[in-house]
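Per-entry structural report
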Amino acid sequence: MDVHNPNAAGAARCPMHDEAFAAAPEKVYDYLRAHGPAGPVELAPGVDATLVVEHETARRVLQNPGVFARDGRRWTMLAEGRIPLDSPVLPMMAYRPNCLFTDGAQHLRLRKAVTESLDKLNVTRIRRDVEPIAAYLIDQFSELGRADVINHYAKLLPMLLINKLFGCPAAIGDRVTTAMADMFDGRDAQRASEELSDCFLELVSLKRRSPAEDITSWLVQHPAGLSDEELKDQLVMLIGASVEPERNLIGNSLLLLLERGGDDGPSMQIEDALDHVLLNNPPIANYATHFPLQDVDLGGVLARANTPVVISFAGANSDPSLTEAGQAHSRSAHLAWGAGPHACPAKSLAQVIAVTAIEQLLNALPDITLSGSTAELQWRPGPFHRALVALPVEFSPTPATRTASAYRTTPARAAAQPTPLAPVPAPTATAGSAGGAGKGKKGFWSSFLEIFRV
Ligand code: HEM
């Protein structure tokens, strides 16, 4: 047996769930690519997959739905009860009736409803929604002179934004924020996912009665005529597809900007940082689980029918053949947004959100710098995301009401703001307090709504 060839019979699979992978995932991609376009990995204990690390092969799989299906009901080991039902990767891989896990006509119908609803959002609207949320979050820590911009900012902003884009009223939004935080942190994830489903069924029913200018209403009104259950499933999917990657795009780009910065702030343009991150440190590093309809030869590596074939967007982006072909700097060459029928329909939207969020932070705290050395930074374990655990920063303490009052002083906002400022909740160091709508206590979302009246 060739112990150095991962594709040799009996060779050990590369684990993608441990600290070693989180610390240096490129070692796994490079090692597998040295022996073939794909190789055997373990996504979680007891969950095996083939990881595609070569750019050309990744495109071939992504763009060939006639051979590589998305429907997880094909997964033989899961159907035979050989996958632990509490495996942390199951929610990301098992079938749900949403765009990500469906094929053919069913996928087309759901994707059309989702993309046409997302397309109603424009840059002006996104900026208008992101800016007050950013200001609100910055106010929570600006007087302290230090913060962890992952847990105090990049993690919370997409959660509050999705509430806004979905048109959640205070009571539903507080529950959605708490359930999202619990789900992403793995705190009783099953209960959190049930709570999210309940919230979205309520939200759908509300928007059927009183539609407004938000994603939920647009989905409800879409000519595809989605049922309440289908609407709920697309909303849950949209949370997974947007909140975690957005957080990582903001977090990884902030790291790069601050690393390249000096006393006068970052020396790189935000858009350039985003492009760099999408190529070199993509927020979704590995995903797009496919199930081959029959045994397939992936350039000498056999992918068995109905077993998971996962695309390494990070591995494909770092494939030396991209550099050799002179494509590494082309925006269309990297696979951070996926490719083929399931490619991300929200590229522009996602970038406007990240640029606005980062711009707001850098403008509010112009002398922001990293505190501590980047060598001490840690990455969250897990096979799919590329996500910092924390990103400590420091800056000159800035009065808390500065950013909030900037919103309140425009004539339109002042007119819509008859009540005095509500007290800002204590800094939310943990996602557990992101919702936290206990008895008689305001939740995070309702506190935000009360301050900005947006
Ligand atoms: C912030 C950075 C983001 C990145 C890097 C990203 C990346 C991706 C990738 C790689 C896929 C393909 C997954 C696959 O093939 O299985 C995808 C799909 C998708 N993304 Fe994004 N995404 C981002 C933000 C968003 C946002 C903000 C939204 C919506 C508000 C969104 C909505 C979707 C949807 C609906 C799909 C599924 C499309 C389908 O299956 O037909 N994404 N995204």
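Residues numbered from 1 in each chain as written. Predicted model: local features only at pLDDT ≥ 70, side-chain atom pairs only at ≥ 80, totals over all residues. Heavy atoms only, no water.

For the chain, an unreviewed UniProt entry supplies the name Cytochrome P450 and the organism Streptomyces chisholmiae.

**Overview of the pattern of salt bridges**
Spelled out, the test is: By definition here, a salt bridge exists when the distance from a side-chain nitrogen of Lys or Arg to a carboxyl oxygen of Asp or Glu is within 4 Å. Think of it in three bands: with a 1.4 Å probe and only protein chains considered, a residue is buried below 20% of the maximum accessible area for its type, exposed above 50%, and partly exposed in between.
Within this structure, the stated rule accounts for 20 salt bridges. A salt bridge links aspartate 233 to lysine 232, with the shortest nitrogen-to-oxygen separation between them at 3.2 Å. This pair shows no difference in class: aspartate 233 is buried, exactly as lysine 232 is. Members of the salt-bridge network, linked through shared partners, are Arg96, Glu229, Lys232 and Asp233.

**Focus: the site of the ligand**
We apply this condition: We call a residue near a molecule or strand when any one of its heavy atoms sits within 4 Å of it. Any pair of nitrogen or oxygen atoms within 3.5 Å is treated as a polar contact; in protein, a donor-acceptor pairing is required on top of that, and neighbouring residues in sequence qualify only through side-chain atoms on both sides. Helix and strand definitions here come from DSSP, where helices need a minimum of 4 consecutive H or I residues and strands a minimum of 2 consecutive E residues; each element is numbered from the N-terminal end. Residue polarity is assigned by list, with Asp, Glu, Lys and Arg as charged and Ala, Val, Leu, Ile, Met, Phe, Trp, Tyr, Cys and Pro as nonpolar; anything else, Gly included, falls into the polar class.
Among the 28 residues in the neighbourhood of the ligand, the closest are listed as Arg70, His107, Arg111, His342 and Cys344. At 2.7 Å from an oxygen atom of the ligand is found a side-chain nitrogen or oxygen belonging to arginine 70. Within the side chain of histidine 342, an N or O atom sits 2.8 Å from an oxygen atom of the ligand. Where the shell around the ligand is concerned, the elements lending two or more residues are helix H6 (104-118), helix H13 (228-259) and helix H17 (347-364). Ranked by residue count, the leading element in the shell around the ligand is H13, at seven residues. Here the residues of the shell around the ligand are counted per class, giving 21 nonpolar, four polar and three charged.

**Describing the coordination of the iron atom of the ligand**
To keep it simple, the criterion reads: Any nitrogen, oxygen or sulfur atom within 2.8 Å of a metal ion counts as a donor, with the limit raised to 3.2 Å for Na, K and Ca, and since water is left out, coordination shells can look unfinished.
Counting protein donors to the iron atom of the ligand gives just one, Cys344 (SG), placed at 2.4 Å. Within the secondary structure layout, cysteine 344 lies in the loop between helix H16 (320-324) and H17.

**Quick notes on the nonpolar core**
It is characteristic of soluble globular proteins that their nonpolar side chains tend to be buried jointly. Quick reminder of the rule: Nonpolar core, defined: a set of buried Ala, Val, Leu, Ile, Met, Phe, Trp, Tyr and Cys residues in which side-chain atoms within 4.5 Å join the residues together. Contacts are assigned to residue pairs with any non-hydrogen atoms lying within 4.5 Å of each other.
Residues Tyr153, Leu157 and Phe166 are the most contacted members of the largest nonpolar core, which totals 93 residues. Broken down by element, this core gets its largest block of residues, 14 residues, from H13. When sequence neighbours within four positions are dropped, the list of residues in contact with phenylalanine 166 reads Phe200, Leu203, Lys207, Asp214, Ile215, Thr216, Leu235, Leu238 and Ile239. The next biggest cluster of nonpolar side chains, apart from the first, holds 44 residues, and it includes Cys14, Val89, Met93 and Ala94.

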